[in-house]
Each structure stands twice: as C-alpha cells, then as structure tokens.
Amino acid sequence: MKTRKKIAATLALLLTTSLAVNAQSKDSNAEFGFKGGVNFSNMYTEDVDDNNVLTSFNAGIYAKLPLTDAIAIQPELLYSRKGAELVYDNVFAEGTAKFKLNYIELPILLKFNLTDNFNIHAGPYFAYLIDAQVTNETDDGTFDFEDNYDNDDFNKFDYGLSAGVGLDFESIGIGVRYNYGLQTVGKDRDFAGTTYTVPDGKNSNLSLYLAVRLN
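The rules behind the values
Residues numbered from 1 in each chain as written. Predicted model: local features only at pLDDT ≥ 70, side-chain atom pairs only at ≥ 80, totals over all residues. Heavy atoms only, no water. Helix = DSSP H or I, 4+ residues; strand = E, 2+ residues; numbered from the N terminus. Buried < 20%, exposed > 50% of the residue type's maximum accessible area, 1.4 Å probe, protein only. Contact = heavy atoms within 4.5 Å. Areas by Shrake-Rupley, 256 points an atom, 1.4 Å probe, with all protein chains shown as cover. pLDDT = per-residue confidence, 0-100. Core = buried A, V, L, I, M, F, W, Y, C linked by side-chain atoms within 4.5 Å. Pairing = 2+ DSSP bridges. Polar contact = N/O pair within 3.5 Å; in protein donor to acceptor, adjacent residues only side chain to side chain.

Regarding the overall build of the chain
- Helix and strand content of the chain: 2 helices and 11 strands.
- Across the 215 residues of the chain, 43% fall into the buried class.
- Put simply, 66% of the contacts in the chain that link residues at least 6 apart link residues at least 24 apart.
- Summed over all atoms, the accessible surface of the chain reaches about 11,200 Å², with 56% contributed by carbon and sulfur.

This is the structure in structure tokens:
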C-alpha cells in the first residue's frame, strides 16, 4: 500500500509541478482543468472464448502545454477503471469471472488542432494498478476466481497507445479516445510443469470524456 501511494503521489507531483510552472509564466498559454467520462473496457486475446464489455468511468486532471498555435502536449493524471467479464473453458480454468481493475493512469498526448475546435490526439499511456476486484459470475465453474486471485496475481504496470478525437470550446471539451494495452493483465502461473496466464488478455478501452477548463 505504501508503494502504491508513493507512485500515485509522484505522478501527481510531476503533473502539478508542470501546471504550476506554466501557470506562473506571464506569456504562457497553458491550459489546465478537470476531465472525466465513461469507459467501455474489454480484454483482447485469442484464448478467451467470449468476453463482455465492462462499463465504468475515468476522472482526473489535465494540462495542455502549447508548442505552436496548432500543436500542444497534453499530459493527464487519471483514475481509470478497466477490465472485462471473461468466459474461460480450457484445461486450466472453466468459468466466468468479472475483473474490475483500478488504475492510476498517465497519458502523454500530442494534440493537433486541425481547426479552431476540432483536434486529434495520440501518444503513449502508462498506468499503475492500485486495486483489482474479481468476482465469480457463475456457480457452475470449475475454477473459483474469487478465492484464487488477489492483487498480487496481476501485473502492477500497464502501458500502451492512446488515440482520439475531440471538440474544444471556450470552457469545455468533449471527445472519444481509444487505449490499446500492450501489457498482459495477469501474471504467469505454473501448474504441473506448464505455464499459464489468467487473465491472459490485454486492456482495450474506449472512453467518452468531458473536460472542463479552469483558466
């Protein structure tokens, strides 16, 4: 728990420092504010027989740091819940489980203003798992996910690519963004001399967001 708090505090300090430096500059056109929205998340892998979208949320702060009139760097610090409801039917696990994965997420985006109001943005994201909630969704499975999984069974760090489009107005912005995870969610396990991974998927997340400008 202490390690999680330190990482979250470090990320918050980095973004807060960036906001403060730019806000204090008289010539700076830096923008900062709050943002949040709805997540439609899933996990992608060839080994999952079926999957269902988990609807959840994200919320946090952002800074827009202009490089030119049309290009800006936009770091964000978000609390984002991802996951999925997965159906497994293989030699290692049979049953249905819902995974709710709570991350502190740091996207670092390059934002292009194609018009005064319309933008496209893309860049990497980095995330740290602060909590994982696993529930059995059926009673007839041969594998008890709740009893066999806790936070230590998941990779703490996630990373991937983000891309989206948005509309910016005077004090608010709206948009849609997709996150493509590159890190497997579950850790490798050994059973009878064979290595397997459950959950063996990577995060896939579509989000709709609303941003509120503070300056």
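Considerations on the confidence of the model for the chain
- Chain-level statistics for the chain give a pLDDT mean of 83 and a share of 77% at 70 or above.
- When pLDDT is averaged over each helix and strand of the chain, the minimum, 51, is found for helix 1 (residues 2-24) and the maximum, 97, for strand 7 (residues 157-168).
- A low-confidence stretch, residues 21-27 stays under pLDDT 50, and its non-local contacts, those more than four residues away or across chains, total 4 contacts.

Looking at the nonpolar core
- In this structure, Met43, Phe99, Leu101, Val134, Phe145 and Phe154 are the most contacted members of the largest nonpolar core, which totals 18 residues.
- Elements represented by at least two residues in this core include exactly strand 4 (71-89), strand 5 (94-113) and strand 6 (118-136).
- Of the residues forming this core, the biggest block, 5 residues, is contributed by strand 6.

Side note on the pairing of strand 5
- For strand 5, the buried fraction is high: 14 of the 20 residues fall into the buried class.
- Of the pairings in the sheet, the one linking strand 4 to strand 5 comprises 17 bridges and is antiparallel in character. Paired with Gly83 across the strands is Lys100, a residue of strand 5.
- Alignment of strand 5 against strand 6, held across 15 bridges, turns out to be antiparallel. Looking across to strand 6, one finds that Leu101 is bridged to Ala132.
- Connecting strand 5 to the next strand, strand 6, in antiparallel fashion are 4 residues.

Considerations on the environment of Thr96
- Here Thr96 is to be found in strand 5.
- In this structure Thr96 comes out as buried when scored by relative accessible area, which is 11%.
- Taking the C-alpha atoms as reference, Thr96 lies 5.8 Å from Thr138; in sequence the two are 42 residues apart.
- Ignoring anything within four residues of it in the chain, the contact list for Thr96 reads Glu85, Leu86, Val87, Thr135, Asn136, Glu137, Thr138 and Phe145.

Side note on the side chain of Asn179
- Along the chain, Asn179 turns up in strand 8 (residues 172-184).
- Here Ser162 takes part through its side chain, which lies 2.6 Å from a polar atom of the side chain of Asn179.
- Once you skip the residues sitting within four places of it in the chain, Asn179 turns out to touch Lys82, Glu105, Tyr125, Leu161, Ser162, Asn203, Ser204 and Asn205.

Examining the side chain of Lys82
- Position of Lys82 relative to the elements: it lies in strand 4.
- The exposure class assigned to Lys82 is buried, which follows from its relative accessible area of 0%.
- Side chain to side chain, Lys82 and Glu105 meet in a polar contact 2.8 Å long.
- Contact partners of Lys82, with chain neighbours within four places excluded, come to Ser41, Leu54, Phe99, Lys100, Leu101, Tyr103, Glu105, Tyr125, Asp158, Asn179, Asn203 and Asn205.

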